[in-house]
Amino acid sequence: STATVFVPLHAAAQEVTLRVVSAFAENTTYVKNLEGMIKALNASGKGTLQLNFIGGPKAMPPFEVGNAVRTGVVDIGMSTGAFYTNIMPEADALKLTQIPGPELRKNGAYDLINKIWNEKANMQYLGRVIDFTPFHLYLTKKIDKPDLTGLKIRITPVYRDFFQALGATVVQTAPGEVYTALERGVVDGYGWPIQGIFDMNWQDKTRYRVDPGFYSAEVSLIMNLDKWKALTAAQKDVLMKNVIALENANDSWKKANDDDIKRQAQVGIQVITFDAASAKQYVDKAYDVGWTNLIKASPTYGPQMKKLFSR
Amino acid sequence: MSWQAAAWLLLGGSTALMFLGLPVAFAFLAINLLGAAIFLGGDAGMMQLARNSVQSVTSFALTPIPLFILMGEVLFHTGLAVKVIDGVERLIRDVPGRLAVIAVVAGTVFSAISGSTIATTAMLGSLMLPVMLARGYHPTIATGPIMAIGAVDMLIPPSALTVLLGSLSGISISKLLVGGIVPGLILSAIFIGYIVLRVRLEPGLAPKTAFEEHHGWRRIRPFLQYVVPLVSIFVVVVGAMIAGWATPTECAALGAFATMLLALLYRSLTVANLVRALRGTAGISGMILFIIVGATTFSQILSFSGASSGLAQLITDLGLPPLAVIAGMMLLLIFLGVFVEQVSMMMITLPIFMPVVQQMGVDLIWFGVMFLICMQLGLLMPPHGLLLMTMKGVSPPQVTMMHIFRAVMPFLLISIVVLALVFLVPAVATWLPNLVG
Amino acid sequence: MQRLAELYGRLLAGLALAGCAVLLLMMLVICADVLLRNVRIVPGMRGVPWANEVTEYALYFITMLTAPWLLRKGMHIRIDVLLRAIPRWMAWYCEWAVDLIALMCCALIAYYGVMAVLSSHAIGGMVVKVLSVPEWWLLAPLPATFALLAIEVLFRMLRLYAAERGPRTDAVSAA
Ligand code: NA
Ligand code: NA
C-alpha cells in the first residue's frame, strides 16, 4: 500500500522526540520565537513528532552547537553560521544573502545549501529565523566618508574583515565589556544589527549610526542529517510546516527594526549618511570582502552561492 | 531519566567522589564522563565532552586569574613585600598590639597589589610572624590578623577569585571588583579596632616592645619610596581603564607588567626570582584552571540533563520572599565553606543559584559581593580553610593547629557581622560600583 | 623504576616551565596590544589584532602544560576530612580506589580526545579568526595531557604501594 512507502514499519505510529539546543541565551527574541514554534509544533505533532528544548549556552557552548548537531549529540540546533565555520567555511556565507528566505527556498539556494551542508557537515538546513535585519556600524565619533583609519572598532568575526578593509583598528572584547569600552573610549564604535542595541544598554554610549547597513543578520535551524533521514514523511511534514511558518513570520523583524530605528532617534543617536556614490562603495566593499574571502576558502561552492544569494 | 534522578546522580556522585579523596578536578571529570555517556549519548557525546573541556578554559575572560596571582607572587618573591612592611611600620606609632596592627595595614596595602589570598597570607606570615613571636606575642594574636587580612585580599581588587565569580555567574566583573572595596576596607578597619581593644583588655597577649622611633623625613621616606609607588600600580591600572586605554580584562596584564617593571627599577628583580614567581603563579592558577576544565563541563551537563532548571524551579516554586531565599543561599554557602574550597563552591552552587537570583530580580552586585564574603569566610573556616593551611605552612613548629583555629574565630565572627551588614544595607556593596558606573 | 619515575618527573617539570614561559608571553602580548593600539610607535602597527585569540589559546596551554606536574607535586586539591577520620589502613585502600578512578578517567578522556582530534582532522575543520588554525591542533593538547596524567597516576600507584599504609599528604586547599 502507499502507506508503507512513506512509513517504515518500525516507525509506524511512533512518536519521535527531537532534542533542540540554542547558541543564544534563553532571554533573546530568537529563543522566545523558537519556543513559540515548539509549542505550536508539539500541539499539532502529538503522536508524530515532539521537540524538547534543552537550553542555550548554559547547556552547550555556542561554538559547539554546530559540532553537536553534526555528530548527533543533539538533533536540532539554532545557531548562526559564524559559530560553526570551524566545520566548513561555507557557513559564513549565510550572512551574505540579499534575498529573503522564502525566495531562497524557491530559487534553488536552499537546495545548494543543503547539498553543501549534507556533504560537508552532515546537517540538514531547515530554515532561517531572522531576516531583513542588516548590520550597522555604530560610532561615538563622527565620520564623513567610509574610512575608519584611526578608529578602534569592536568587532565580531562577522564583520572583522570588512572593518579592517576600511582601515579600522579592530578590538575584541567580551559582550559584557562593550559598555565600559565605549564609555572609556577603549573603542570608538562597534558593529551590531539594526535591532537589539537596547537589549545591551549600549544606546547610552552610542552617538552615531552609519547608514546604510550591510549583510543580513542570520540565525537558522540546522538538523543532524542522520536524524533527518530517519524521520518519516509525516514527521518531516510536521517539522517543516512549523519551520516554514516561523520563517514566513520573519516579516515581524521589519516591524521590530522600524521600532528600534525610532527608539534610536528618540534617544538622540544621529544617523551618518554618505553621498550616493560613497554609500554604494561602502556596501559594495562589504560584500566584496565577504565573497572574496569565502571564494578563497571555498573555490567550488563559493561562486555558486554568490550567484544564488545575490540580487 | 527524571531531573530529580539526574540531580542525585550528578551532584551526589561528584560529592561522594570528592569525599572519597579524589582531587576535586578529577571528581568532576569522572562524573562528566558518566553524565556524557547518559545525557549526551554514546561516543559522539564523549567526544563532545572532550571538545567542551577545551572550550572551557579557552576564554579571554579568565586571563586575569593568572595575571592577578602573578602580581602577588612577584611582590612576594622579589622581596618588595619587606619594603612595604617597613614603610608601614615607621608610620604607626605606639598602639596596643602594634605589630598586629601593622600586619593588618600592610596586608591591606598588599591586597591592592596582589590578586592572590595565598600570596598575601604567605608574605605576611613568613615576614611578620617570626618577629611577633620573638617579641612575645601570643600565637593567637600573631596569626589571627594575618589570616584575616589575607582573606580580605579577595575582596579588594585585584582578585583572581572575583574574576572567576564574575565570569561564571555573568555578573559584571569590573563592578564586582569595585563592589568589594568598601566591605574590604570596613573589615580591615574593624580588625584594627578589635586588635587594639583586645590587647588593651588583655595586655599579656602582645607585650609592649621598644621600637626605633623615626622622625621627619626618615619616618616617611620608605613609605614614599616603596608603598606609594606600589599602590600607584593600582591607580595606573584603574587609570588605564578610565582613560580608555584598556578593557578591564586587559588591565590585569598591565598591572602584572607594572609590578615587574617596578621590581626591576628597585633592582629586586632577578631571573631566578622571576622564575620562582612564574612557577608559583603557574601552580596556583593551573590548579584553578584545571578545576574549571572539569567544573564548567559539569555545569553544562547538569543543565543539559534538566537538573539545573528543575532545582531552580523547585526553589522558585517554594514561593519564599527573595530575602529569605538569599539568606538561605548564604547559609548554604557558609556551610559548604566548611568542607569545600572556593572554586568548587562557585562551581557547585552557581548553576542553580543564578537562574533563581535572576528570576527574583535582586541586585546582582549585592548578591555577588555577599557571595564573595561567604567565600572569604570559607577561606578562614576550620578545619581546612585555605588560609589556615597556608598559615600553618609558614609558621614555626611552636604554633599549633589549635592556636590557628582559636586565632581565627574572632575574625570569622567579625566577617559574619559584616556579611549581615551588607545583607541589611545593600548600599555598602552597591554604592561604589554604581558611582563609578 | 625509581630512575624512570625521576626522569618522568623532570619531563613534567619541564612542561610546567614551558607553561611559565607561555604565561609571561601572554602578559607581554596583551601589553603590546594595548600599547600599540594607543601609541603610534611602530608605523603601520595598530594593535596586535591576533592578541585576543592567542591569549585564549595561551590560557588553555598553561592549563594543559601544568596539570601533570601539579599531580606529581600533589597540588590538585582535594577534600580529605573522611580520609583523616577513618583508620589509616582503610584510608590507604581509599587511595587505591581514588587512583583507579583517576586512571580510568584520564585514560577515557585521552581516548575520546584522540577520537575528537581524528574526527575534526577528517573533516578538515579550521578555526578561522585573525589567524587560521587547523582545529585539531587546538584539540590535541587535551588528550596529550590526559595521557601524561594517566601515566603519572601509575607512578602514584607505585609510590602508594611502597609507602606506609595511610592516606597521602596531598594539598587539601588552594586558590
Ligand atoms: Na571559550
Ligand atoms: Na586583592
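Please read all numbers here as calculations on a predicted model, not as lab measurements.

Visitor: Can you tell me about the coordination of the sodium ion (ligand 1), naming the residues and giving the values?
Guide: The protein atoms that coordinate the sodium ion (ligand 1) are B:Gln55 (O) and B:Thr58 (O), at distances spanning 2.7 to 2.9 Å. For B:Thr58, a relative accessible area of 17% corresponds to the buried category.

Visitor: Which residues make up the interface of chain C and chain A, and what values do they have?
Guide: Many descriptions give the size of an interface as the accessible area lost when the pieces come together. Of the residues lining the interface, 15 residues belong to chain C; the matching set on chain A comes to 13 residues. Summed over the three residues of chain C that lose the most area to chain A, namely C:Arg37, C:Arg46 and C:Ile123, the buried surface amounts to 40% of that side. The interface formed by chain C and chain A contains six residue pairs in polar contact (both at pLDDT 80 or more). Mapped by element, the contributors of at least two residues to the side of chain C that touches chain A are helix 1 (2-38), helix 2 (51-72) and strand 1 (126-128) of chain C. Top contributing element to the side of chain C that touches chain A by residue count: strand 1 of chain C, with three residues. Its residues assigned to classes, the side of chain C that touches chain A comprises six nonpolar, four polar and five charged.

Visitor: Let's hear about unusual backbone geometry: which residues, and what values?
Guide: Here the residue pair A:Asp211 and A:Pro212 is connected by a cis peptide bond, since its omega of 5° sits within 30 degrees of zero. Position of A:Pro212 among the secondary structure elements: in strand 9 (residues 208-214). The residue A:Asn122 is not glycine, and still its phi comes out positive at about 55°. For A:Asn122, the location among the structural elements is in the loop between helix 5 (109-121) and strand 4 (123-128). Its identity as a non-glycine residue notwithstanding, B:Arg267 has a phi of 60°, on the positive side. Along the chain, B:Arg267 turns up in the loop between helix 12 (248-265) and helix 13 (271-304). Overall, B:Arg267 belongs to the exposed group, its relative accessible area being 78%.

Visitor: Hey, could you go over the nonpolar core for me, with residue numbers and the actual values?
Guide: Core analysis: the largest hydrophobic core is formed by 309 residues, its most contacted members being A:Trp117, A:Phe163, A:Leu221, A:Leu239 and B:Phe367. Take this core: its biggest share by element is 19 residues, from helix 2 (residues 24-57) of chain B. Not counting chain neighbours up to four residues away, the residues in contact with A:Trp117 comprise A:Tyr84, A:Met88, A:Glu90, A:Ala91, A:Leu94, A:Asn122, A:Met123, A:Tyr125, A:Ile222 and A:Met305. Within the second largest apolar cluster, 13 residues are counted, among which are A:Tyr138, A:Ala181, A:Leu182 and A:Ile194.

Visitor: Can you lay out the coordination of the sodium ion (ligand 2) for me, pointing to particular residues and giving the numbers?
Guide: Around a metal, the idealised angle for a tetrahedral arrangement of four donor atoms is 109.5 degrees; for an octahedral arrangement of six donor atoms it is 90 or 180 degrees. Residues and elements named next belong to chain B. With distances of 2.3 to 2.9 Å, the protein atoms coordinating the sodium ion (ligand 2) are Ser111 (O), Ser114 (O), Asp153 (O), Asp153 (OD), Ile156 (O) and Pro158 (O). Angles of 60 to 156° at the metal separate the six donor atoms of the sodium ion (ligand 2), which places the site in the irregular class. Here the donor residues of the sodium ion (ligand 2) are spaced in sequence according to S-x2-S-x38-D-x2-I-x1-P. Of this pair, serine 111 sits in helix 5 (residues 98-111) while aspartate 153 sits in the loop between helix 7 (139-152) and helix 8 (160-169), and the two are 42 residues apart along the sequence.

Visitor: Lay out empty space enclosed by the protein with the relevant residues and their values.
Guide: Over the atoms a probe the size of a water molecule is rolled, and this reveals where empty space is left. In the structure shown here, the tally under the stated rule is seven cavities of 30 Å³ or more. Taken as a whole, the largest cavity holds about 80 Å³ of empty space. If you trace the largest cavity, you find it lined by A:Val170, A:Val171, A:Gln172, B:Phe60, B:Glu250, C:Asp33, C:Arg37, C:Val48, C:Pro49, C:Ala51 and C:Asn52. Counting only elements with at least two residues in the lining of the largest cavity, the list comes to strand 7 (169-171) of chain A together with helix 1 and helix 2 of chain C.

Visitor: Go over the interface of chain C and chain B, please, and point to the residues and values.
Guide: Contact with chain C, which involves 61 residues of that partner, is made by 62 residues of chain B. Across the contact surface, chain C and chain B share two salt bridges. Residue B:Glu250 is joined to C:Arg37 by a salt bridge in which the shortest nitrogen-to-oxygen separation is 2.9 Å. Where chain C touches chain B, the interface holds eight residue pairs in polar contact (both at pLDDT 80 or more).

Visitor: Any details on the sheet that holds strand 10 (residues 220-224) of chain A? Residues and values, ideally.
Guide: Strand pairing in a sheet is mediated by backbone hydrogen bonds. Such pairs are either parallel or antiparallel. All names here are of chain A. Strand order in the open sheet formed by five strands is 2-1-3-10-4, with mixed pairing between adjacent strands. If you trace the sheet from one side to the other, it starts and ends with strand 2 (49-55) and strand 4, each paired once. For this sheet the average axis-to-axis angle between neighbouring strands, irrespective of direction, equals 25°. When strand 1 (residues 16-22) meets strand 2, the two strands line up parallel, connected through six bridges. Its bridge partner being in strand 2, valine 16 is matched across the sheet by leucine 49.

Visitor: Requested: an account of the packing of aromatic side chains, with residues and values cited.
Guide: All names here are of chain A. Counted under the stated rule, the structure contains 38 aromatic pairs over all chains. Summarising the aromatic geometry, the rings of phenylalanine 162 and phenylalanine 163 are spaced 5.5 Å apart at their centres and angled 35° between planes, so their arrangement reads as tilted. For the pair shown, phenylalanine 162 and phenylalanine 163 are each scored as buried. Cation over ring: lysine 254 sits above phenylalanine 132, and NZ or CZ is 4.4 Å from the ring centre.

Conventions used here
Residue numbering note: each chain is counted from 1, following its sequence as written. Labels follow written order: the first chain is A, the first ligand is 1, and so on. Per-residue local features are limited, in this predicted model, to residues with pLDDT of at least 70; the limit for side-chain atom pairs, both in listing and counting, is 80 or more; totals at the level of whole chains, interfaces and linings are taken over all residues. Calculated side-chain values reflect all of the structure's heavy atoms, with hydrogen atoms and water omitted. Donor atoms are limited to N, O and S found within 2.8 Å of the metal ion, a distance that becomes 3.2 Å for Na, K and Ca. With water left out, some sites might look partial. We call a residue buried when its accessible area falls under 20% of the maximum for its residue type, exposed when it is over 50%, and partly exposed in between, using a 1.4 Å probe and counting protein chains only. Any two residues whose heavy atoms approach within 4.5 Å are treated as being in contact. In this description, buried area is defined as the sum, over both parts, of the accessible area (probe of 1.4 Å) that is lost when the two are combined. Here a polar contact is recorded for every N or O atom pair within 3.5 Å, except that within protein the pair must consist of a potential hydrogen donor and a potential acceptor, and residues adjacent in sequence are included only if both atoms are side-chain atoms. A run of DSSP states H or I qualifies as a helix once it reaches four residues; a run of E qualifies as a strand once it reaches two. Both are numbered from the N-terminal end. Residue type decides the class: Asp, Glu, Lys and Arg count as charged, Ala, Val, Leu, Ile, Met, Phe, Trp, Tyr, Cys and Pro as nonpolar, and the leftover types, Gly among them, as polar. As used in this record, nonpolar core signifies buried Ala, Val, Leu, Ile, Met, Phe, Trp, Tyr and Cys residues forming a set joined through side-chain atoms within 4.5 Å. Irregular is the default label, applied whenever a site is not tetrahedral (four donors, all angles between 85 and 135 degrees) and neither square planar nor octahedral (four or six donors, opposite donors over 155 degrees apart, all other angles between 65 and 115). Only protein atoms enter the 1 Å grid, on which a cavity is a set of points fitting a 1.4 Å probe that cannot get out and a pocket is an open set with protein on both sides within 12 Å along at least 5 of 7 lines, lining residues being those with an atom within 4 Å of a point. Grid points are joined across faces, edges and corners, and a volume is the space filled by probe spheres set on the points. Take a side-chain nitrogen of Lys or Arg and a carboxyl oxygen of Asp or Glu: if they are within 4 Å of each other, that pair is a salt bridge. Here, strands pair whenever DSSP counts at least two bridges between them. Note on geometry: axes are C-alpha line fits, over the in-contact stretch for helices, and angles between N-to-C directions span 0 to 180 degrees. Think of it this way: a Phe, Tyr or Trp ring, Trp meaning its six-membered ring, pairs with another when their centres are within 6.5 Å, and the plane angle makes it stacked under 30 degrees, edge-to-face over 60, tilted otherwise. Placement of a positive charge over a ring is assigned whenever Lys NZ or Arg CZ falls within 6 Å of the ring centre and within 35 degrees of the normal to the ring plane.

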